[in-house]
Structure formats: C-alpha cells, structure tokens
Amino acid sequence: MAREDVGIILGGPQGAGVETSMMVLTRALARRGFGVIADREYFSNITGRHSYIHMLVSSRAIPRSLRYPVEIIASMDAETLFTHIDDVANGGYIVYDSGVASKRLEEIVSMEDITRVRVLEKLKKNGVASTVASVLKFLERDRDVKAIGLNFADLLRRLMNRYRIEVSSLSRYVSGIIVSAVAVLLGLDVEAIKYSLSIQFSSRRNIVEQNLELFKYVEESLQSYRNSIALEKPKHNFRKLMIVTGNDVVAMGKIVGGLRYQSYYPITPAADESFAIEKYEHLRAEKDIGSIVVIQTEDEISAICSAIGASLAGARSATVTSGPGFDLMVEGISWAGANEVPIVVTYYQRGGPSTGQPTRGSQSDLFNAIFAGHGEFARVVITSGDHVEAFYDSIEAFNIAERFQVPVIHLLDKFLANSIRTIPPPDLDSVKIVRGSISSGGKEYKRFDLGYIVSPRAFIGVDDTVMWYSGDEHDEYGHIVEDPENRVSMYSKRIKKLDLIASEVSRDMKLQVYGDRDLDYIIIGWGSVKGVVLDALELLYRKGFRGCYINVKLLWPFPSREVVEVLSKTDRDRIIAIEHSYNVQIADLVALSTSIKIEKKIAKFTGRPITLNELVDALQKLLTSETTHVVLTYGA
Amino acid sequence: MERRSYRTDLWIDWCPGCGNFGILTAVVRVFEELGLDPSKTVIVSGIGCSSKIPHFINVNGVHTLHGRAIPFAMGIKLANPELIVIVHGGDGDLLGIGAGHFVALGRRNIDVTVILHNNGVYGLTKGQASPTLPLNAKTKALVKPNIQQALNPIALALSSGYTFVARGYAFDGEHLKNIVKKAILHKGAAFIDVLQPCVTFNDIFTAEYYRKRIYRLEDNSSWNPIVEKPEDRTIKLLKAIEKSFEWGDRIPIGVFYQDTTVSTFEERILQRIKIYLEMSPAKSSIAEDGGRSVIDGKRFEEIFRDYIVDVEGTQQ
Ligand SMILES: Cc1ncc(C[n+]2csc(CCOP(=O)(O)OP(=O)(O)O)c2C)c(N)n1
Ligand code: SF4
C-alpha cells in the first residue's frame with residue numbers, strides 16, 4: 001500500500017557528504033512532484049562529528065513537520081546506527097555498510113563520551129552486545145527491521161576500476177551510495193536522479209556519469225527492494241517547485257523586496273544568507289536592475305552601523321546575525337530608534353546563553369529582540385512560521401521599517417535557517433513595495449518635523465537639502481536640544497508610532513489562526529513550531545480533540561486585542577503555549593500584554609526540533625491530566 | 001559661495017580657546033574654497049566634544065555613537081558613492097573604542113576622510129587619559145600618572161592601509177586648511193591627525209608646548225611623501241613610519257604619505273558590479289509605479305532559476 005509520507009535519516013560524519021545526499025535526493029523527489037522537509041543536525045565542528053539529515057518525503061507539496069520513527073535510515077558509518085537505534089520504525093529499513101558490521105561502540109572516537117555511555121546502557125538493558133551486527137540483529141528481531149548491508153568498499157572498488165578514480169577521492173562517492181539506496185527503496189526512477197545529479201554537478205559531467213554508474217550497481221544489488229516503500233501520487237499540480245533553506249528564502253525575499261545593502265559578520269546560522277545574496281550583487285534579469293552591496297564587516301557593530309548609514313542615504317538595507325552578534329548591535333538599534341531610521345535586522349536564533357549551542361536551534365531570544373536597547377523607542381519584531389511566510393515577511397519587514405521609520409527585527413531561528421523545503425515559487429503579484437512618506441527635501445526641510453508622527457523622510461544626498469541626525473535628543477532639524485518641552489514632544493512622537501503600527505499593520509501580519517472555530521483548546525506559539533503544531537492539531541482532531549493554533553507573527557508591538565479575542569474562546573486552562581526555550585517566553589509576553597496567564601506550557605531546549613510524535617503525546621497529556629508543564633527531549 | 005553659508009548659527013559649546021575651533025575654521029574654509037555642494041557633503045562624527053562639529057557646519061551632519069562614525073560613514077558612502085564623506089572624532093573615539101573600525105577603513109581604502117581631533121584626553125567625560133597620552137604623563141584631571149602606553153596614530157594609519165596620511169595643528173589654520181583640502185581631494189581613505197589643545201584638561205600638550213616644537217615636513221625640500229609607482233610603496237611607507245616616531249623636541253606636521261596607486265574600495269566594487277556607479281544602492285529603483293517590485297514573476301524565475309525544479313510526471 002502506498003504511503004502519504006516516508007521519514008528518512010541520512011547519517012554520517014560531518015564533511016562526508018550527508019548534505020549533498022540530501023540535496024540530490026530532494027531535487028530528484030521534487031522533480032517527481034514530491035514535497036520534502038529536511039532538518040540538518042550537526043555539531044559545531046568542520047569534519048568528523050556525527051551529522052545527520054532528518055527528512056520527510058510527502059505527497060503534499062509542502063510537508064509541515066518531522067516525526068519519529070522513520071521508515072528508512074541510511075548510514076555512512078557505524079556511529080549513525082548506534083545513535084539512531086530508537087529512531088527506526090517497525091518494519092522499517094536500514095541501509096548500512098557491511099564493512100562496519102563488526103565495529104564496536106567503544107571504538108567510535110567521534111562520539112561524545114556522555115552519549116556513548118547512554119547508548120551502552122540502552123544496549124545493556126536490552127541484552128545487546130555493543131557491535132553494529134548485534135544492534136542490527138536486535139532491530140531485525142525486535143522491530144522487524146530489514147537491515148540491508150551493502151559492501152561500500154566493493155562498490156567503490158568497482159567504480160574505481162571502471163573510471164580509474166584515485167583512491168584518495170573515493171570517499172566522495174559514499175554519498176552516491178546512500179542516495180541510490182534510498183532512491184531504490186522509494187522506487188524513484190533513474191531519470192529523476194540523473195536530472196538532479198546534472199544540476200548538482202553541472203560543471204563536472206564525469207561525476208554525474210560516475211554517480212549514475214554507481215546507481216546502477218546499487219540498483220542491481222537491491223533488486224528485491226525496489227519500491228519497498230512506495231509513495232502516493234503527489235496531491236498537487238505545481239509545475240515548479242523551489243528547493244530552499246530558510247536562509248535562501250529570506251535572501252530571495254530581501255532581494256525582491258528591494259534590498260540594496262547587506263552587511264554581516266560571520267556567524268552561524270546567519271552567514272549563509274549573505275552568501276546567497278552576494279551571488280546577486282549585480283542584479284539583472286533581461287535588464288540591469290541595480291547593485292546590492294554585500295559587505296563582510298569587521299564586527300557586528302560595524303554591520304549594524306553601516307547598514308543604518310546606507311539607509312540614511314536611501315538604500316533599503318539590512319544586516320543579519322544571531323544572538324551574540326545581536327547583543328553587539330543593540331547600541332546601533334537604539335540609535336536607529338532615536339533617529340527614526342528604517343533598518344532591518346534578520347535575527348536567526350541559536351542555542352544560548354553565550355555561544356551555547358552554536359549549530360542548534362532555539363527560540364529563547366524573544367525578549368532579547370523585544371527589549372534590547374536602552375531608553376524607550378518604537379521597534380517592531382516580526383517572525384515567520386515557515387519558509388513561505390519567511391519570503392513574504394522579508395519583504396514586509398522593509399515595508400514596515402520604511403512606513404513607520406523604525407528598526408524592524410525579523411526573528412527567525414536555526415531550524416528554519418538550515419532546514420530545506422520544497423515550496424511553490426512565490427506569487428509576486430501579491431507583493432507590494434511600500435516606501436512610506438518620502439520627501440524631496442528643499443531649503444526648509446526639517447527631518448523630524450513635529451507636524452507628523454512619521455515625518456516625511458528625505459535621503460541624504462537629495463538636491464538642495466541639508467539635514468542633521470544625532471543620537472542625542474534633538475529638535476526638528478536634528479540638532480541637539482535639551483529643552484524639556486521639546487523632549488516631551490519628540491520622545492512621544494517616536495513612541496506613538498507603536499499605536500500607529502498596532503492600528504495599521506494588517507491582521508494577517510499580526511497573527512494567523514489555524515484550526516477549528518469551535519474550540520476545546522488553543523495552542524499559542526510563534527516561528528518554526530508552526531508546522532509541527534498544525535500536524536499535531538490534525539492528528540488530535542482524529543482523536544476527538546478540536547483545537548486551534550495562534551501563530552503570532554507580530555511579536556512587538558504585541559497584538560493584544562487580537563490575541564485576547566481568540567484566547568477568550570476557551571477556558572484559561574485549555575490554553576497551551578509552546579516554544580523552544582525553558583521559560584516559554586511567549587506565555588510571559590501574553591501575560592504582560594493581555595494579563596491572561598497561561599498555565600500550560602510545552603518547552604523544548606535540547607536544540608533539536610520538536611517532532612510530531614512527542615508533541616502529540618505532550619498535548620494529549622496536557623489535555624487529559626493535571627500536568628501543566630512538559631519538557632520535550634526527543635532527538636539525537 | 002559666501003563664507004556664512006557653511007556655518008550654522010548655533011551656539012558652539014566648546015570651551016573658549018579649545019583647539020576644536022581651529023579645526024572647524026579650517027574645514028569650513030576648505031568647503032568654501034572647494035565650493036562643495038552641502039547637499040552632497042556629509043560630516044559623520046562619533047561622540048565627544050569634537051564630535052559635535054557637524055551641528056556647526058551647514059552640510060549634512062550625522063552625529064552617531066561613540067567610536068562608530070567610521071561604519072556609519074562607510075554605509076553612507078557605499079550606498080551613494082557620489083557623496084563626499086568626512087569623519088570627525090576624538091582620540092578616544094577613533095583610536096580607543098573605535099580602533100577596530102579605524103583599522104578596517106584603512107584596509108578597505110574607502111574614499112572617506114578621517115579627521116582626528118587629537119587632544120590626548122577624553123574631553124567630554126572630563127579628562128581621562130586617551131590612547132594618545134604617553135605613559136606616565138599626568139595631566140591635571142588624572143588622579144595618578146597614566147599607566148598605559150600611547151599609540152602612534154600616524155604609524156597605525158600607515159600600517160592599516162590609509163593611502164593619505166598627514167598631521168596638522170589646530171592653530172596653524174592655513175597649513176591645516178591645505179592638508180584638509182588635499183585629504184578631501186585624495187581618492188581613497190585619508191587620515192589627518194590634528195594636534196588639538198584641550199585647554200581645560202590637557203596641561204601638557206598646550207598651545208605653548210606645540211608652538212616650540214612643531215615644524216613643517218615640506219620645509220625640507222627633499223621630503224617627498226608621494227608614491228608614484230607601486231614599487232616605491234615600501235620605501236615610502238618605511239620613511240613615513242620612521243618619521244611618525246619623531247615626537248619630543250621636534251614634532252613634524254604635514255603630509256607623511258600619499259599613495260594613489262592602490263585601488264579604492266569603490267573601484268574594487270565596480271570591478272565586480274559594472275553598474276555600481278550609475279545604479280548605486282541608493283540610486284537604483286526598487287519598485288515600479290503602484291509599488292510592484294522591479295522583480296516580477298518572470299524575472300524572479302530567471303534570477304533564481306538555480307533554486308527551481310521543473311516538475312515532471314510521477315513514476316506511479
Ligand atoms: C559606548 C559609550 N561609552 C562611553 C561613552 C561616554 N563618552 C562620551 S564622550 C567620551 C570620550 C570622548 O573623548 P574623545 O573621543 O577623545 O573626544 P573629545 O571629547 O576629547 O573630543 C566618552 C567615553 C559613550 N557615549 N558611549
Ligand atoms: S574639554 Fe577640552 S576638548 Fe572639550 S571643549 Fe573643552 S577644551 Fe575642547
């Protein structure tokens with residue numbers, strides 16, 4: 001029977017090509033119309049530590065969440081098999097290198113000791129010896145798993161002999177074995193793989209050919225497994241799908257939204273976005289469109305300050321960072337607030353405090369984004385629930401910044417940044433560029449004209465116009481003034497923007513409500529938990545629980561009125577807040593802004609994404625018992 | 001253009017006799033002589049007594065954060081390379097908190113002029129030791145003698161890559177004016193260390209002190225700081241660095257080094273983005289009438305085709 005979706009893990013040492021395998025597979029699957037979502041988990045390490053891709057292939061164009069267990073584990077090494085021992089489904093498949101069968105857990109030096117001890121205990125409890133072979137035997141017996149050993153060395157030797165490949169470059173083909181094996185299990189045809197390979201290795205035709213040959217070898221060895229896990233026909237009729245990470249999609253949104261200056265200082269998981277943009281520095285399509293200056297600055301302070309400078313001159317400008325870098329930017333954001341400068345900071349959260357877990361995800365910087373900066377001033381914080389939202393929000397971030405002349409923080413996270421999704425190309429007819437109130441200046445120009453809350457903005461460089469800016473309190477011209485009455489009017493003018501924003505930003509940009517209108521329970525959250533919550537709602541609906549999800553998008557100024565409206569549709573004790581943090585800060589933000597106290601919380605702060613299986617369990621527990629707080633921990 | 005037009009009518013809140021007045025006068029006179037268009041000229045400053053200068057001059061003024069004038073200036077200049085951008089800051093501002101940016105500007109060689117108001121102290125915070133105050137010096141506001149070494153701004157600028165490096169003296173107006181003029185006309189990152197007596201807090205580096213010691217480099221006819229061809233660069237740099245360590249009985253002012261053989265950052269960008277000057281970030285349009293992005297659906301697919309997969313039948 002064909003399935004709606006298939007979960008897959010591709011595992012191997014960092015740097016060995018796990019990511020390439022994912023890309024090749026994903027593109028081939030997209031070619032045939034399947035949707036893919038894939039999370040990438042890796043250590044803060046360049047080569048050697050265990051990394052893996054956790055993916056879901058689906059007949060939906062955009063699958064929304066990941067779940068355990070998975071139907072296929074494809075491993076490049078022994079470590080994957082030990083680490084993911086609990087992750088394979090009953091009746092699932094494990095593809096492995098038969099050459100590592102005798103490898104013992106104790107020999108795996110790349111594994112952290114603490115993990116090794118935990119896995120050993122697990123094995124001991126089940127009476128399993130600590131070798132790959134015994135683990136696989138255990139899984140075959142206990143969970144009806146089919147372990148498919150491929151002799152990697154043999155396959156590679158055949159390839160080497162045929163193409164006279166250097167021994168030293170053979171390891172590059174291991175990813176090809178993994179891809180081929182998964183493709184065969186899924187029944188994916190060679191033409192789709194060929195299409196994908198020729199894009200992946202566009203400039204190296206011989207590598208495409210060699211990988212196709214490898215595919216043939218693997219296919220021969222796995223004849224009897226072809227199509228063992230068949231997928232349903234895709235349920236959509238998109239003629240095109242994009243394959244994008246969160247970084248990519250934000251880069252695209254910014255470019256479409258008119259970005260002309262992007263500054264950054266390297267930091268995970270933000271830097272890839274700037275790399276993606278840099279490819280388009282000379283922006284053209286049938287005609288020259290403009291130049292985008294992408295600059296790697298000496299630090300984050302320079303990144304924010306130079307972006308503000310570019311904005312003063314009239315360019316839509318942005319900078320991008322994560323927690324530690326944002327902390328350095330705060331003084332600049334306060335300056336932008338004082339000087340009413342439109343500026344966008346794309347803030348990808350990762351695990352803190354400090355350099356905490358540099359390559360893992362979190363949503364623990366909500367308050368940092370909302371409250372960072374000394375003094376009071378208007379700033380906007382928006383967030384996106386998935387890749388599609390992130391595209392449009394990247395454009396809207398500029399629009400909001402310019403309409404209200406405020407700093408806008410677009411708060412995202414590593415899960416979104418590094419995960420891949422297949423999404424349809426955006427609908428650009430629905431996109432609008434709104435530059436707000438622009439002045440052409442003139443002799444009498446006053447940059448901070450008190451006749452307005454948002455004074456018409458002239459760009460530095462406009463003819464016959466001179467203006468001043470100062471971080472000190474200033475008069476309408478921008479000159480320093482300490483007069484108490486001016487202080488009151490200028491200070492209030494800036495802060496009143498928050499009311500203006502609250503009344504003028506569209507409801508859709510403030511929050512979205514998904515699910516039943518007739519409610520048993522409400523979940524409230526923000527950012528990348530959206531997909532998994534929506535899938536959980538659907539599953540629970542089938543079990544008789546009718547709920548809805550409030551996907552908060554405007555985090556500041558908080559849409560209190562709109563949130564209260566929804567929250568009042570159910571009892572207080574049927575409201576659940578969810579977040580990748582310890583404190584579930586969104587609950588505090590709701591309390592602060594609406595005085596509704598949310599008791600029930602789901603938190604995850606392992607740095608790994610929330611998976612459907614654990615979320616459904618947690619929700620059920622919260623809905624059927626007195627439990628108020630669940631901490632999720634699933635994932636390697 | 002008439003002299004008044006470059007001065008605002010604001011009250012100048014520097015202490016009477018402060019060296020900053022001399023710098024203000026020199027800069028304004030250069031603007032007059034060059035007839036700079038105030039709307040195309042920008043003064044960017046940090047925080048400190050000296051950094052209040054933009055408010056007194058009738059060109060665009062951006063008074064920023066302590067130490068951060070250079071990055072602000074960089075963003076303005078790179079977004080609109082037509083603008084003439086001049087940075088003012090104190091020694092604390094540019095060489096203490098802002099030292100990283102100071103070095104980075106030299107490496108990039110962006111066409112910006114940096115004017116250091118070097119008074120040996122942190123003026124606005126009441127006289128603490130700045131990075132240019134020598135070890136063991138005890139100015140009157142200090143409780144104890146200075147425990148940190150001074151750095152050499154000229155040598156730092158030279159080794160950071162500034163392609164125009166000079167020193168002026170706040171009360172030698174004519175000389176300073178000529179240097180500022182050269183710096184503004186220079187294509188690339190220009191740095192001027194201006195000796196600026198702080199009459200309130202620095203009782204060592206006073207006008208009296210400088211009057212006895214200062215001499216002009218150009219008075220020696222064999223002094224030629226200009227790099228004419230790249231091969232001369234090292235030797236000229238070494239000479240300039242050596243000269244920059246002359247400090248004591250005799251203090252040189254004038255141009256230490258000028259190199260026009262190094263590409264500016266703007267030229268480097270132009271190599272990569274051919275349309276950079278005609279369609280600079282601030283000058284290229286981002287939307288059509290009615291607010292549609294200049295990137296429509298068709299252009300989107302062309303630009304981002306690497307990300308797009310054409311879906312073709314299923315294998316079922
Ligand atoms: C981040 C930060 N730290 C400290 C200050 C306080 N502060 C104001 S002016 C100043 C020093 C100014 O000294 P200098 O740059 O030498 O300029 P001067 O006043 O001597 O012209 C300091 C430390 C500040 N404004 N911002
Ligand atoms: S404190 Fe010194 S630097 Fe500041 S204004 Fe007074 S004399 Fe000038």
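Look above for the structure.
Bear in mind that the values here come from a model prediction, so they are computed numbers and not experimental data. (Residues numbered from 1 in each chain as written. Chains lettered and ligands numbered in written order. Predicted model: local features only at pLDDT ≥ 70, side-chain atom pairs only at ≥ 80, totals over all residues. Heavy atoms only, no water.)

A. Local environment of the interface of chain B and chain A. Every contact between the two is made by 72 residues of chain B and, on the other side, 91 residues of chain A. Linking chain B with chain A are 10 salt bridges. Among the salt bridges present, the one from K40 of chain B reaches D463 of chain A, with a minimum N-O distance of 2.7 Å. Along the contact surface separating chain B from chain A lie 36 residue pairs in polar contact (both at pLDDT 80 or more). Put simply, the parts of the chain that give the side of chain B that touches chain A at least two residues each are β2 (60-63), α2 (69-79), α4 (99-108), α9 (265-272), α10 (297-303) and β12 (308-310) of chain B. When the residues that make up the side of chain B that touches chain A are grouped by side-chain class, the tally is 36 nonpolar, 23 polar and 13 charged. Examined bridge by bridge, strand β17 (residues 468-470) of chain A and β2 of chain B share 3 bridges and lie parallel to one another. (Contact = heavy atoms within 4.5 Å. Salt bridge = Lys/Arg side-chain N within 4 Å of Asp/Glu carboxyl O. Polar contact = N/O pair within 3.5 Å; in protein donor to acceptor, adjacent residues only side chain to side chain. Helix = DSSP H or I, 4+ residues; strand = E, 2+ residues; numbered from the N terminus. Nonpolar A, V, L, I, M, F, W, Y, C, P; charged D, E, K, R; others polar. Pairing = 2+ DSSP bridges.)

B. Up close: the side chain of R350 of chain A. All names here are of chain A. Mapped onto the elements, R350 comes out in the loop between β13 (343-349) and α13 (366-371). Here R350 sits buried without a salt bridge, and the closest side chain of opposite charge, D365, lies 7.6 Å off (N-O distance). In this structure R350 touches I267, T268, P269, S322, P324, T355, Q357, P358, R360, G361, S362 and S364, once residues within four positions along its chain are discounted. (Buried < 20%, exposed > 50% of the residue type's maximum accessible area, 1.4 Å probe, protein only. Lys, Arg positive; Asp, Glu negative; His and termini not counted.)

C. Examining the site of ligand 1 more closely. Contacts to ligand 1 come from 17 residues, most closely from C49, S50, D91, D93 and G123 of chain B. Mapping the residues adjacent to ligand 1 onto the chains of the assembly identifies chains A and B. Here an oxygen atom of ligand 1 and a side-chain polar atom of S50 of chain B are 2.7 Å apart. With respect to ligand 1, the backbone of G123 of chain B contributes an N or O atom lying 2.8 Å from an oxygen atom. Considering ligand 1 on its own, with 590 Å² of exposed area, one finds that the protein chains cover 76% of that surface. (Near = heavy atom within 4 Å. Areas by Shrake-Rupley, 256 points an atom, 1.4 Å probe, with all protein chains shown as cover.)

D. Molecular detail of the site of ligand 2. Lining the immediate surroundings of ligand 2 are W14, C15, C18, N20, C49, N119, Q196, C198, V199, T200 and F201 of chain B. In the shell around ligand 2, the residues fall into 7 nonpolar, 4 polar and no charged.

E. Quick peek at the sheet that holds strand β5 (residues 88-97) of chain A. Here we have 9 strands laid out as an open sheet, ordered β6(A)-β5(A)-β4(A)-β1(A)-β3(A)-β2(A)-β16(A)-β7(A)-β12(B), and mixed in their pairing. Every other strand in the sheet has two partners, leaving β6 (146-150) of chain A together with β12 of chain B as the edge strands with one partner each. In this sheet, adjacent strand axes meet at a mean angle of 20° when their direction is disregarded. Pairing of strand β7 (residues 240-245) of chain A with strand β16 (residues 420-423) of chain A, which is carried by 4 bridges, proceeds in the antiparallel orientation. Note that in β16 of chain A the partner of V244 of chain A across the bridge is R421 of chain A. (Axes fitted to C-alpha atoms, helices over the stretch in contact; angles between N-to-C directions.)

F. Main features of the environment of T115 of chain A. Residues and elements named next belong to chain A. Checked against the element boundaries, T115 lands in helix α3 (residues 113-125). Taking relative accessible area as the criterion, T115 reaches 17% and is therefore assigned buried. Along the backbone, T115 and F82 are 33 residues apart, and their C-alpha atoms lie at a distance of 9.8 Å.

G. Representation of unusual backbone geometry in the model. All names here are of chain A. A cis amide bond links Y68 with the next residue in sequence, P69, at an omega value of -5°. Turning to its location among the elements, P69 is positioned in the loop between β3 (50-58) and β4 (70-75). Despite not being glycine, N227 has its phi angle at roughly 65°, a positive value. The residue N227 is located in the loop between α8 (205-221) and β7 in this model. Located in the positive-phi region is S354, a residue other than glycine, with phi close to 55°. For S354, a relative accessible area of 61% translates into the label exposed.

These values are about where atoms sit, not about what they do.
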